[in-house]
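A structural walkthrough
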There are 2 protein chains.
Amino acid sequence: MEPGPCSRPAEPGICVSGSPGAGSAFPASLPSGAGAEPGSRPGTVAAVLPAGGCGERMGVRTPKQFCRVLERPLISYTLQALERVCWIKDIVVAVTAENMEAMRSIIQRYGHKRISLAEAGATRHRSIFNGLKALAEDQPDVVIIHDAVRPFVEEDILLRVVTAAKEHGAAGAIRPLVSTVISPSADGCLEHSLDRAKHRASEMPQAFLFDVIYKAYQQCSDYDFEFGTECLQLALKYSHTKAKLVEGPPDLWKVTYKRDLHAAESVIKEKISQEICVVMNTKDEESAGHLLKEVLKKELNVVSSDFQEIQKFLSTLEESGLPLLYPVVVVLVHCCDLTLAPLAPKMESLMWIRSLAEDMKKRNVLLSGLLLNYSKDEQKLQESFQQGASIIAALVKERSSALAGQLLLA
Amino acid sequence: MEPGPCSRPAEPGICVSGSPGAGSAFPASLPSGAGAEPGSRPGTVAAVLPAGGCGERMGVRTPKQFCRVLERPLISYTLQALERVCWIKDIVVAVTAENMEAMRSIIQRYGHKRISLAEAGATRHRSIFNGLKALAEDQPDVVIIHDAVRPFVEEDILLRVVTAAKEHGAAGAIRPLVSTVISPSADGCLEHSLDRAKHRASEMPQAFLFDVIYKAYQQCSDYDFEFGTECLQLALKYSHTKAKLVEGPPDLWKVTYKRDLHAAESVIKEKISQEICVVMNTKDEESAGHLLKEVLKKELNVVSSDFQEIQKFLSTLEESGLPLLYPVVVVLVHCCDLTLAPLAPKMESLMWIRSLAEDMKKRNVLLSGLLLNYSKDEQKLQESFQQGASIIAALVKERSSALAGQLLLA
């Protein structure tokens, strides 16, 4: 399924990048193709993630980068997105002293690789500077700065900002403004409104030649350390480097409010719901399996049709002992003509699914049983398949551990 | 439950404002209390909702205001939020000619009141002007302008902008900037970045003295009609009125991208999950009901403890024939000691829930059955209650129609 670490799919899937020994397979330098200047020297690339914020806008106590999405801390998704990119050599995360231990256990639990920790400063800029200092000894050519709370960063935009930074010294992702920006007067009235077409929101990731950004931070005033919000501005002010602005995709948005956590969860659920595995167990298996797959195609966007491959993948996973980064939904479908066999004993005979599900839940696998009425009446059969497909789609989409272990009926 | 139309709760609930005859109970003028200037003349207030956009940023064909959230078009939530405020006399929605019929059927289906329709223009400003023209004959003192895609507007912020508009002629909600705003040069490089502390995002709702905004639109240039994005700016430019800026809550955000639809759905699900109804059916009813309620309190934020009241409310609803604006989750809980009675016949005896659920689904009620193992073993009993509570919480939170009609086991 995953031929090698470099060709891993851009969308989240079951991550196996933490597999032992895989680290050595990552090339240490930036690929020279895909948008890079012809003949430009391949350079080493590292990334710094300031993660010292307290998430006050979220309205919850846990800093937002540690809030859980599908039971896993948000920052783990961001780390996964970065470590999936094989040419990022080193990832420095700046966390507060009090969260250092929690961060270490996240790295261990989810098998993250190529991560170093630095201590966060009192402000975002101080945290980034600390991250850069950690890289100063074995300094990379280019450094990416990204937010811990932007989990959906793709390789494409990372490559584009890095390539632009190599050419211009600095580069950053931008997005169109969603709201008009206005400037208030001292008494809280409208002074003027900015022309929306002439302005952009500055987002992350950004990338810099290491010298450019390190020099900027070395010269940075206390005022800028305290109140500045924009790394590109520091590069301009202190290193006289005009950043190249790169139009980014909408997925780069920053998880800021509680509703953004919900949105992030939905985006992740949608992405991981594009591969499903249906295990049939009946003598009518082949035709029923085919019929169910056809109906499921309408309910879910993409259905992986190669069940064998997925089963092989699950066995490999089982043997490797790697952590599952997302809850995996498994639905055991049983077909049975309920006009020939009474329902109650059939259901009772499937009660083993309940105890098996309890075990599997501990391994982050959500197992459910589905009893499908395989009627001889064509219309009833179609209804059963339709309902069965809707149930499977709901289980896959909701991914609710509370509903695992049930025996459902269609 | 709902003493009168004016005291309706601010959070979405089961809306009954469309009840016949309720319209006459709405006072036609703004209450003079709550933040209004002492002695200020009560004025009439109307609202204009431009809803002619095509939602290109959403990446779906349906304009975003018509996208469905829990099976109901987004604009219906926004209309509900406005019509819940009794002192808003008239709500004009500007929709394109091709969506006029769809809009009429939404108004009818969800029982919206006090709505008039105007035809949308080619741009947002032209749509708003058309909405104002529809009010010109019987003109209100103050007009609120709001977006169809900001469904979570509360009475408090509406009152604050209206009160400020009465004093200053114009007022609008603002929010802190989430991203730094930058100004790009012609060659796509950073020209300068704006001081985030000195700028704000202009949001909705806004409010104006009718004369101020109507005069502004009457004088508005074609260029501003085409490319302008800010009503407050028009009031400043053409009516020389400096708008008062009012800090709004984070919930005012505009549903712009597909992820915002997910976020909106989660916000709505969370709000409507704060009242639940558990119907018990066993001789152990009282103690089991009490125990389950206690465990549920930990699983769900708020549990309405007065089941009778909710049952009465459901009967009233049944008699009134009003549409349910949100899917209602009903869980029939049956307790049974499975060491005394075999499971299979018990489950079979409850199969009537399946057909009842099919009927109720058509009325937007999601019925499920829960068989709870009422064991004499204290620890097993606690486990059953815990699992039962988790299942109920998941059903209430997910509100999935595909999973209704199932008999679940705890």
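The text that follows walks through the structure, step by step, so that each part is easy to find. (Residues numbered from 1 in each chain as written. Chains lettered and ligands numbered in written order. Predicted model: local features only at pLDDT ≥ 70, side-chain atom pairs only at ≥ 80, totals over all residues. Heavy atoms only, no water.)

With respect to the overall build of chain A
Across its full length, chain A holds 13 helices and 15 strands. When burial is assessed residue by residue, chain A has 58% of its 410 residues classed as buried. Expressed as a percentage of contacts within chain A between residues at least 6 apart in sequence, the contacts between residues at least 24 apart total 76%. In the structure as shown, chain A presents an accessible area of about 17300 Å², 51% of it carried by carbon and sulfur atoms. (Helix = DSSP H or I, 4+ residues; strand = E, 2+ residues; numbered from the N terminus. Buried < 20%, exposed > 50% of the residue type's maximum accessible area, 1.4 Å probe, protein only. Contact = heavy atoms within 4.5 Å. Areas by Shrake-Rupley, 256 points an atom, 1.4 Å probe, with all protein chains shown as cover.)

Examining the interface of chain B and chain A
How big an interface is tends to be expressed through the accessible area that disappears when the partners come together. In this assembly, 68 residues from chain B lie in contact with 70 residues from chain A. Viewed at the interface, chain A and chain B are joined by two salt bridges. The residue K258(B) makes a salt bridge to E270(A) at a minimum N-O spacing of 3.2 Å. Across the contact surface, chain B and chain A share 30 residue pairs in polar contact (both at pLDDT 80 or more). If you tally residues by element for the side of chain B that touches chain A, the top one is helix α8 (residues 258-272) of chain B, at seven residues. Taken together, the residues that form the side of chain B that touches chain A break down as 32 nonpolar, 18 polar and 18 charged. Direction of pairing for strand β8 (residues 180-184) of chain A relative to strand β10 (residues 200-209) of chain B: antiparallel, over a ladder of three bridges. Bridging from a neighbouring strand, T180(A) pairs with S202(B) of β10(B). (Salt bridge = Lys/Arg side-chain N within 4 Å of Asp/Glu carboxyl O. Polar contact = N/O pair within 3.5 Å; in protein donor to acceptor, adjacent residues only side chain to side chain. Nonpolar A, V, L, I, M, F, W, Y, C, P; charged D, E, K, R; others polar. Pairing = 2+ DSSP bridges.)

Examining the side chain of R399(B)
All names here are of chain B. Topologically, R399 is positioned in the loop between α13 (378-398) and β15 (407-409). In this structure, R399 is buried with no salt-bridge partner, the nearest side chain bearing the opposite charge being E265 at 9.1 Å. Apart from residues no more than four positions distant in its own chain, R399 is found in contact with L70, K269, I272, S273, P327, V328, V329, L366 and A394. (Lys, Arg positive; Asp, Glu negative; His and termini not counted.)

Observations regarding the state of the cysteines
For the structure on display, the rule yields zero disulfides over all chains. The thiol of C220(A) is not disulfide-bonded; the next cysteine sulfur, from C231(A), is found 9.6 Å away. (Disulfide = S-S within 2.5 Å.)

Side note on the packing of helix α8 (residues 258-272) of chain A against α8(B)
The description of two helices packed together rests on the angle between their axes and the distance between the axes. Across the interface, α8(A) lies against α8(B) with an axial gap of 8 Å and an inter-helix angle of 115 degrees. Note on packing geometry: the crossing formed by α8(A) with α8(B) is right-handed. Across from K258(A), R259(A), H262(A), A263(A), S266(A), V267(A) and E270(A) in α8(A), the residues of α8(B) making contact are K258(B), R259(B), H262(B), A263(B), S266(B), V267(B) and E270(B). In the contact of α8(A) with α8(B), the residues fall into four nonpolar, four polar and six charged. (Axes fitted to C-alpha atoms, helices over the stretch in contact; angles between N-to-C directions. Left-handed = near helix turned anticlockwise from the far one by under 90°.)

Some remarks on the relation of the copies chain B and chain A
It takes a turn of 180 degrees to lay chain B on chain A, together with a shift of 0.0 Å along the axis; the resulting RMSD is 0.1 Å. In symmetry terms, the pair is related by a two-fold rotation axis. Take the interface residues of chain B: 100% of them recur as interface residues in chain A, which is what a same-surface contact looks like. (Least-squares fit on C-alpha atoms with pLDDT ≥ 70 in both.)

Some details on the environment of G388(B)
Residues and elements named next belong to chain B. Within the secondary structure layout, G388 lies in helix α13. For the pair G388 and V295, spaced 93 residues apart in sequence, the C-alpha separation works out to 8.9 Å. Excluding its chain neighbours within four sequence positions, the residues that come into contact with G388 are L370 and A410.

What about the pattern of salt bridges?
All names here are of chain A. For the structure shown, the criterion picks out 35 salt bridges over all chains. Between D147 and R150 there is a salt bridge; the shortest N-O distance is 2.8 Å. By sharing partners, the salt bridges in this structure join R124, D147, R150 and E203 into a single network.

Here's the deal with unusual backbone geometry
Following M204(A), the chain continues into P205(A) via a peptide bond in cis, with omega recorded as 5 degrees. Within the secondary structure layout, P205(A) lies in strand β10 (residues 200-209). Within the chain, L70(A) stands out as a residue other than glycine whose phi angle is a positive 50 degrees. As for its placement among the helices and strands, L70(A) is situated in the loop between β2 (68-69) and β3 (72-73). The phi angle at R114(B) is positive, at roughly 60 degrees, despite the residue not being glycine. Relative to the helices and strands, R114(B) is located in the loop between α2 (100-109) and β5 (115-119).

Comments concerning the nonpolar core
With 110 residues, the main nonpolar core has W87(A), I88(A), V93(A), W87(B), I88(B) and V93(B) as its most contacted residues. By size, the runner-up hydrophobic cluster in this structure holds 56 residues, among which are A404(A), A410(A), L300(B) and C335(B). (Core = buried A, V, L, I, M, F, W, Y, C linked by side-chain atoms within 4.5 Å.)

Structural notes on the packing of helix α3 (residues 124-136) of chain A against helix α5 (residues 210-219) of chain A
All names here are of chain A. Contact geometry for α3 and α5: axes closest at 10 Å, N-to-C directions at 125 degrees. By the angle between their axes, α3 is oblique relative to α5. The handedness of the crossing between α3 and α5 is left-handed. Where α3 abuts α5, its residues H125, I128, F129, L132, K133, L135 and A136 lie against F210, I213, Y214, Y217 and Q218. Considering only residue class, the contact of α3 with α5 consists of nine nonpolar, two polar and one charged. (Parallel < 35°, antiparallel > 145°, perpendicular 65-115°, else oblique.)

Details of the packing of aromatic side chains
Residue and element names in this part refer to chain B. Tallying each qualifying case throughout the model produces 18 aromatic pairs over all chains. Ring centres of Y77 and Y326 lie 5.8 Å apart, and the angle between their planes is 50 degrees; this geometry places the pair in the tilted category. Highlighted residues: Y77 in helix α1 (residues 74-83) and Y326 in the loop between α10 (307-320) and β13 (328-336), separated in sequence by 249 residues. Given the relative accessible area of 4%, Y77 is considered buried. The buried category is assigned to Y326, whose relative accessible area is 3%. Aromatic pair Y374 and F385: ring centres 6.2 Å apart, planes at 90 degrees, arrangement edge-to-face. Residue Y374 is found in the loop between β14 (365-373) and α13, and its partner F385 is found in helix α13; the two are separated by eleven residues along the sequence. (Phe/Tyr/Trp six-rings, centres within 6.5 Å; stacked < 30°, edge-to-face > 60°.)

Topic: helix α4 (residues 155-168) of chain B
Residues and elements named next belong to chain B. With 14 residues, α4 ought to run about 20 Å at 1.5 Å a step, and its terminal C-alpha atoms sit 20 Å apart, in line with that. All of the buried residues in α4 are I157, L158, L159, V161, V162, T163, A164 and A165. One or two steps after α4, the chain reaches G169, where phi turns positive at roughly 95 degrees. (Expected span 1.5 Å × (residues − 1).)

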